[in-house]
Amino acid sequence: MQDEERIRYAVGRTQVARMPEQALATFGLTTIDYYILTEPVYSDILGGEAETVIRQGKVIAEKPKIVTPYYLM
C-alpha cells in the first residue's frame, strides 16, 4: 500500500513544462528526448536542504510487430 501512496504522490506533483514537438508516429519510429527533475531518493533519509536531481532520457517507440511462434524458435 505504501508504494501506491508514493505513486499517487508523484503523479499528483508531476507537471509537464513543455510538450513534445512531434506526435507519436503511427507506422514508423518516434524518438522523444526528455529531462525530468526529481527529488533525490535519499532525501527521506538525510533530510536537510532541498535538492533537485536532473535526469535525461530517451523514449523510442517503434511500429507494432507481430510475434509468431516461428519468431520465438
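Every value quoted in this text rests on a predicted model; they were computed, and no experiment measured them. (Residues numbered from 1 in each chain as written. Predicted model: local features only at pLDDT ≥ 70, side-chain atom pairs only at ≥ 80, totals over all residues. Heavy atoms only, no water.)

Student: So what exactly am I meant to see when it comes to the pattern of salt bridges here?
Tutor: Considering all chains together, one arrives at three salt bridges under this definition. Across the salt bridge formed by E39 and R13, the nearest N and O atoms sit 3.5 Å from each other. Of the two residues, E39 sits in the loop between strand 1 (30-38) and helix 2 (43-46) while R13 sits in the loop between helix 1 (2-12) and strand 1, which places them 26 residues apart along the sequence. Classification of E39 as partly exposed rests on a relative accessible area of 44%. Its relative accessible area of 54% is what places R13 among the exposed residues. A salt bridge links D33 to K58; the nearest nitrogen and oxygen atoms lie 3.9 Å apart. Taken together, the residues D33 in strand 1 and K58 in strand 2 (residues 53-61) connect sequence positions 25 residues apart. When sorted by exposure, D33 lands in the same class as K58, which is exposed. (Salt bridge = Lys/Arg side-chain N within 4 Å of Asp/Glu carboxyl O. Helix = DSSP H or I, 4+ residues; strand = E, 2+ residues; numbered from the N terminus. Buried < 20%, exposed > 50% of the residue type's maximum accessible area, 1.4 Å probe, protein only.)

Student: What is the right way to look at the layout of surface pockets in this model?
Tutor: Leftover empty space is mapped by rolling, across the atoms, a probe with the size of a water molecule. Roughly 1400 Å³ of internal volume is contained in the largest pocket. For the largest pocket, the lining is made up of 31 residues, of which T14, Q15, I36, L37 and T38 are closest to its centre. Counting only elements with at least two residues in the lining of the largest pocket, the list comes to helix 1, strand 1, helix 2 and strand 2. Counted by class, the lining of the largest pocket contains 15 nonpolar, seven polar and nine charged residues. (1 Å grid on protein atoms, 1.4 Å probe; cavity = no way out; pocket = protein on both sides within 12 Å on 5 of 7 lines; lining within 4 Å. Points joined across faces, edges and corners; volume = space filled by probe spheres on them. Nonpolar A, V, L, I, M, F, W, Y, C, P; charged D, E, K, R; others polar.)

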